[in-house]
Amino acid sequence: MDLSLLFPLLILLLFIPIFLSGRRQRRQVAETQALQQSLENGDVVVTTSGLRGTVIDASYEDTVDLEIADGVVTTWLRAAIREKVTHHDPVEEPTVIDAPPAPVAPADPAPDASPSLDKAPSLEKDDSANGSSRN
């Protein structure tokens, strides 16, 4: 193989992945901008900082008002909206029907009946110069 063709081929092989990743990144940016421009009142969204809220007012060009709790409305830049939540039903706890009764723990035995193997450190002050507790 001719060495004069090796260098251009190597350059071509290095630039193909860079070109493809650039296209993918531009497509993601375009999708995010389209999402941010399509926001409507009542949409549940997540911001880039992870805050979840409901769009209250999307009439401004650069900002949206989000309700993050009952009666708490904050203003955010549209660029801070990361995604729209499509399923915002509250998660219900599963109910267990006909569950067996929980096992009852036996009563604690008398303290003298079974000695403990754990040795608790003494909190008495030592007579040594540093004043550390006895172990």
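The structure under discussion appears in the preceding block.
Residues numbered from 1 in each chain as written. Predicted model: local features only at pLDDT ≥ 70, side-chain atom pairs only at ≥ 80, totals over all residues. Heavy atoms only, no water.

### Things to note about the nonpolar core
Here is step 1 of the chain: Membership of the largest hydrophobic core is limited to seven residues, which are Leu 39, Val 45, Val 55, Ala 58, Val 64, Leu 66 and Ile 81.
Here is step 2 of the chain: Apart from the residues within four sequence positions on either side, Ala 58 is in contact with Leu 39, Asn 41, Val 64 and Arg 78. (Core = buried A, V, L, I, M, F, W, Y, C linked by side-chain atoms within 4.5 Å. Buried < 20%, exposed > 50% of the residue type's maximum accessible area, 1.4 Å probe, protein only. Contact = heavy atoms within 4.5 Å.)

### Describing the sheet that holds strand E2 (residues 52-57)
Here is step 1 of the chain: Across the sheet, five strands lie side by side as E4-E3-E2-E1-E5; this open sheet has antiparallel pairing. At either margin of the open sheet sits one strand with a lone partner, and together these are strand E4 (72-77) and strand E5 (81-85). Taking the axes of each pair of neighbouring strands and ignoring which way they run, one obtains an average angle of 45° across the sheet. (Pairing = 2+ DSSP bridges. Helix = DSSP H or I, 4+ residues; strand = E, 2+ residues; numbered from the N terminus. Axes fitted to C-alpha atoms, helices over the stretch in contact; angles between N-to-C directions.)

### Regarding a positive patch on the surface
Here is step 1 of the chain: Residues Arg 23, Arg 24, Arg 26 and Arg 27 make up a contiguous surface patch of positive charge.
Here is step 2 of the chain: Following the sequence through the fold, Arg 24 ends up in helix H1 (residues 3-37).
Here is step 3 of the chain: You can call Arg 24 partly exposed: its relative accessible area is 45%. (Patch = residues over 30% accessible without salt bridge, like charges linked within 9 Å, V, L, I, M, F, W, Y side chains within 5 Å. Areas by Shrake-Rupley, 256 points an atom, 1.4 Å probe, with all protein chains shown as cover. Salt bridge = Lys/Arg side-chain N within 4 Å of Asp/Glu carboxyl O. Lys, Arg positive; Asp, Glu negative; His and termini not counted. Charge placed at Lys NZ, Arg CZ, Asp CG, Glu CD.)

### Things to note about the pairing of E4
Here is step 1 of the chain: Pairing between strand E3 (residues 63-69) and E4: six bridges, direction antiparallel. If you follow Glu 67 over to E4, its bridge partner there is Val 73.
Here is step 2 of the chain: Hairpin connection, E3 to E4: the antiparallel pair is bridged by two residues, and Gly 71 has positive phi, about 80°.

### Section: the environment of Leu 39
Here is step 1 of the chain: Position of Leu 39 relative to the elements: it lies in the loop between H1 and strand E1 (44-47).
Here is step 2 of the chain: A residue is classified by how much of its surface remains accessible, and Leu 39, at 6% relative accessible area, is buried.
Here is step 3 of the chain: A C-alpha to C-alpha distance of 9.3 Å links Leu 39 and Asp 57, two positions 18 residues apart in sequence.
Here is step 4 of the chain: In this structure, Leu 39 is in contact with Val 45, Ala 58, Val 64, Arg 78, Ile 81 and Lys 84, ignoring residues within four places of it in sequence.

### Description of the pattern of salt bridges
Here is step 1 of the chain: Applying the stated criterion across every chain, the model contains two salt bridges.
Here is step 2 of the chain: For Asp 43, the salt bridge is made with Lys 84, and the minimal N-O distance between the two is 3.4 Å. Within this pair, whereas Asp 43 is found in the loop between H1 and E1, its partner Lys 84 is found in strand E5, the two being separated by 41 residues in sequence.
Here is step 3 of the chain: Two residues, Arg 82 and Glu 83, come together in a salt bridge whose shortest N-O distance is 3.5 Å.

### Re the side chain of Gln 36
Here is step 1 of the chain: Tracing the backbone shows Gln 36 in helix H1.
Here is step 2 of the chain: Accessibility expressed as a relative area gives 9% for Gln 36, which makes it buried.
Here is step 3 of the chain: In terms of polar contacts, Gln 36 uses its side chain to reach the backbone carbonyl oxygen of Ile 81, at 2.9 Å.
Here is step 4 of the chain: Ignoring sequence-local partners within four residues, the contact set of Gln 36 consists of Arg 78, Ala 79 and Ile 81. (Polar contact = N/O pair within 3.5 Å; in protein donor to acceptor, adjacent residues only side chain to side chain.)

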